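Working through the structure, step by step
In case you want the letters, here they are:
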Number of protein chains: 2
Amino acid sequence: MQNRKVVLTGDRPTGPLHLGHYVGSLANRVLLQDTYLQYVMLADVQALTDNFDDPEKVRQQVLEVALDYLAVGIDPQKSIIFIQSMIPEIAELTIFYLNLVTVNRLKRNPTVKTEIAQKGFGESLTAGFLMYPVSQAADITIVKAQLVPVGEDQLPMIEQTNEITRKFNTLYQADVFPEVSALIPKVARLVGTDGKAKMSKSLGNAIYLSDDADTVVKKVMAMYTDPNHIKISDPGKVEGNPVFMFLDAFDPDIAKVQELKDHYARGGLGDVVLKKYLAQVLNTFLEPIRVRRRDFARDKGEVMRIVRAGTMATREIAGKTMQEVKEAMKIAYW
Amino acid sequence: MQNRKVVLTGDRPTGPLHLGHYVGSLANRVLLQDTYLQYVMLADVQALTDNFDDPEKVRQQVLEVALDYLAVGIDPQKSIIFIQSMIPEIAELTIFYLNLVTVNRLKRNPTVKTEIAQKGFGESLTAGFLMYPVSQAADITIVKAQLVPVGEDQLPMIEQTNEITRKFNTLYQADVFPEVSALIPKVARLVGTDGKAKMSKSLGNAIYLSDDADTVVKKVMAMYTDPNHIKISDPGKVEGNPVFMFLDAFDPDIAKVQELKDHYARGGLGDVVLKKYLAQVLNTFLEPIRVRRRDFARDKGEVMRIVRAGTMATREIAGKTMQEVKEAMKIAYW
């Protein structure tokens with residue numbers, strides 16, 4: 001158990017998780033937990049950096065996202081689910097790390113730069129938002145994670161983390177922190193139902209893990225396909241067609257999917273028939289997740305007990321890390 | 001006891017305390033502790049913002065400054081002495097506050113702006129240094145201080161603190177934090193032995209509370225006086241003469257000081273005689289402080305026990321404040 005490599009994953013609890021999360025990270029976590037010591041963080045402090053005016057939303061989503069985790073098969077016997085804000089050691093480590101990063105370096109962080117532009121902060125850019133890569137470095141290193149599964153766009157965060165811990169280790173002549181590596185999943189991203197590059201809550205193009213069967217049917221029937229596929233007999237475009245991307249991701253029957261692709265490409269396969277099939281595939285995939293979700297949702301107290309136990313386990317490790325940090329800095333007073 | 005107003009004071013433990021500290025703040029604290037619930041913070045986290053490359057120095061000075069406190073009469077039965085880095089709740093509160101302040105607001109903070117220019121940070125300005133007013137706001141408010149004794153130059157820090165807590169109270173529709181007021185002492189500043197505007201360790205013009213009698217004599221004999229007072233019979237300048245400023249601050253015999261001033265002004269009073277008198281006044285003032293310092297220094301374990309007890313008492317209050325903060329933000333999970 002102690003020899004397993006440590007992996008940290010997590011989500012900002014700002015909304016329910018969807019199929020994009022499943023493909024991009026959750027499926028991977030269900031596999032990782034068998035090989036690694038996996039921490040799964042409910043990143044409420046990070047969510048607050050741009051939701052500080054509505055913390056209640058974040059709070060509610062903490063429970064919902066925890067339910068999503070348990071529903072997809074993240075197993076509290078194997079993975080440690082914890083709430084970020086309940087680990088004061090992360091805040092302590094962040095404060096020390098802030099001395100090891102320049103303001104200019106933070107402003108040049110490509111991920112932060114892009115997000116600042118996207119969110120149009122300008123003059124209203126908060127200190128909390130600018131600092132969040134430092135906070136992330138503390139999240140990762142408080143449990144001494146060696147691996148963090150991230151998308152390509154998050155690579156600068158891993159680099160920032162290693163910069164900070166290398167500086168820490170060098171400055172305090174200690175070997176407290178290991179290097180962190182990114183673990184880039186094969187399928188990084190699922191398109192939205194509208195065919196847009198990324199499934200996301202804010203784009204309104206998501207199918208949620210908690211959607212019921214009827215909702216899934218409705219969302220699938222309204223999906224974007226090939227706009228030039230007007231008559232059933234017309235040849236349709238398979239490449240870039242979100243319906244086929246979803247089938248590739250969720251239909252285990254690869255031969256059947258290939259057959260449908262060929263049929264669609266030569267003409268004669270209507271969108272309605274195709275979508276009905278996809279809806280059925282998705283509902284088959286989602287049904288066991290829904291069942292587990294319902295089971296756990298019946299006893300929300302039990303869900304909180306699971307999260308609390310994970311948080312306590314994380315605090316134990318976090319406390320040890322902070323003691324090492326303070327010893328390295330020679331400010332461990334007692 | 002519970003009805004007493006709360007006052008927060010403290011020092012960055014980067015060097016031993018000197019007569020300037022005594023006049024500017026310590027004397028005041030010895031008085032304040034009878035009327036107020038006084039917290040005295042050993043601000044090691046703040047000291048680290050520009051001493052992060054030498055934390056051991058900070059660590060050593062924590063004990064020395066604690067000794068200075070006890071030596072001047074800060075009474076652990078009346079005041080609560082604590083170590084900043086041992087209160088993780090301050091870090092937690094700082095992280096939440098960072099969301100309530102813009103980067104531009106921090107850059108415009110007059111105190112920070114001046115210090116950034118003085119220290120010549122430029123490109124190397126760390127995030128930790130830029131943020132330190134936010135950390136200070138957390139120091140002050142974690143114990144819900146209502147009064148903070150500060151020099152005029154620190155008034156922007158008090159304003160920054162009130163801005164943050166007003167925003168907190170408004171945003172989360174809560175009444176967690178009281179307004180903080182500055183308590184500006186009458187004698188804010190003691191000149192250095194070289195006549196420069198401020199006594200300070202870095203200027204090498206300080207007489208320390210821990211200096212022995214011979215060192216005090218040596219430092220006083222080398223003091224700057226009126227450079228035009230060449231012959232004993234020459235009339236000397238009293239105004240702006242550091243020797244008389246020191247006498248004003250430390251000689252309880254006001255009539256005697258007036259007599260010396262008159263004599264010096266009309267001529268006939270030599271600098272050597274005058275300085276010998278001042279050295280005697282200072283040593284008379286410092287002797288009981290030295291005795292207490294020696295007594296406490298004999299059992300450094302006891303000093304640490306005092307500081308530890310104060311830190312534990314502070315953590316109790318800090319924990320309560322953070323629970324209120326999380327309840328106001330509706331993220332108190334348990």
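Read on for an overview of the structure. (Residues numbered from 1 in each chain as written. Chains lettered and ligands numbered in written order. Predicted model: local features only at pLDDT ≥ 70, side-chain atom pairs only at ≥ 80, totals over all residues. Heavy atoms only, no water.)

**Points about the interface of chain B and chain A**
In this complex, chain B contributes 53 residues to the contact, which on the side of chain A involves 53 residues. Between chain B and chain A, the buried area comes to about 4,700 Å², and carbon and sulfur atoms account for 67% of it. For the chain B face of the interface with chain A, the top three residues by lost area are Asn99, Tyr333 and Trp334 of chain B, together amounting to 19%. Taken together, chain B and chain A are joined by three salt bridges. The shortest N-O distance in the salt bridge between arginine 108 of chain A and glutamate 123 of chain B comes to 4.0 Å. (Contact = heavy atoms within 4.5 Å. Buried area = accessible area lost by both parts, 1.4 Å probe. Salt bridge = Lys/Arg side-chain N within 4 Å of Asp/Glu carboxyl O.)

**Here we look at the packing of helix α11 (residues 242-250) of chain B against helix α13 (residues 271-297) of chain B**
Residue and element names in this part refer to chain B. At a closest axis distance of 10 Å, the pairing of α11 and α13 adopts a crossing angle of 30°. Between α11 and α13, the crossing angle belongs to the class labelled roughly parallel. The crossing of α11 and α13 is left-handed. Along its contact with α11, which presents Val243, Phe244, Phe246, Leu247 and Phe250, the element α13 presents Leu274, Lys275, Tyr277, Leu278, Val281, Leu282 and Phe285. Class assignment for the residues of the contact of α11 with α13 results in 11 nonpolar, no polar and one charged. (Axes fitted to C-alpha atoms, helices over the stretch in contact; angles between N-to-C directions. Helix = DSSP H or I, 4+ residues; strand = E, 2+ residues; numbered from the N terminus. Parallel < 35°, antiparallel > 145°, perpendicular 65-115°, else oblique. Left-handed = near helix turned anticlockwise from the far one by under 90°. Nonpolar A, V, L, I, M, F, W, Y, C, P; charged D, E, K, R; others polar.)

**Some details on the pairing of strand β3 (residues 79-83) of chain A**
Residues and elements named next belong to chain A. Judged by how many residues are buried, β3 sits mostly within the fold: five of five residues are covered. What you see with β3 is no split at all: Ser79, Ile81 and Ile83 on one side and Ile80 and Phe82 on the other are buried throughout. Bridge count between strand β2 (residues 37-42) and β3: five bridges; the pairing is parallel. In the sheet register, leucine 42 faces β3, and the bridge partner there is isoleucine 83. (Buried < 20%, exposed > 50% of the residue type's maximum accessible area, 1.4 Å probe, protein only. Pairing = 2+ DSSP bridges.)

**A closer look at the packing of aromatic side chains**
On inspection of all chains with the given rule, the structure shows 20 aromatic pairs over all chains. The interplanar angle of 80° and the centroid separation of 6.3 Å between the aromatic rings of tyrosine 39 of chain A and phenylalanine 82 of chain A together place this pair among those described as edge-to-face. Linking tyrosine 39 of chain A in strand β2 with phenylalanine 82 of chain A in strand β3, this pair joins segments that are 43 residues apart in sequence. A relative accessible area of 0% places phenylalanine 82 of chain A in the buried class. Ring pairs connect the aromatic residues Tyr97, Phe168, Tyr172 and Phe177 of chain A, which therefore count as one cluster. Lysine 256 of chain B extends its terminal NZ or CZ atom over the ring of tyrosine 277 of chain B, reaching a point 5.0 Å from the ring centre. (Phe/Tyr/Trp six-rings, centres within 6.5 Å; stacked < 30°, edge-to-face > 60°. Lys NZ or Arg CZ within 6 Å of the ring centre and 35° of its normal.)

**Thoughts on the relation of the copies chain B and chain A**
Copies of the same chain, two in number, are related to each other by a rotation about an axis and a translation along it. After a rotation of 180° and a shift along the axis of 0.0 Å, chain B superposes on chain A with an RMSD of 0.0 Å. When the rotation and shift are considered jointly, the pair of chain copies conforms to a two-fold rotation axis. If distances are taken from each C-alpha of chain B to the rotation axis, the shortest is found for alanine 91 of chain B, at 2.6 Å. The residues that chain B uses at the interface reappear at the interface of chain A in 100% of cases, marking a shared surface. (Least-squares fit on C-alpha atoms with pLDDT ≥ 70 in both.)

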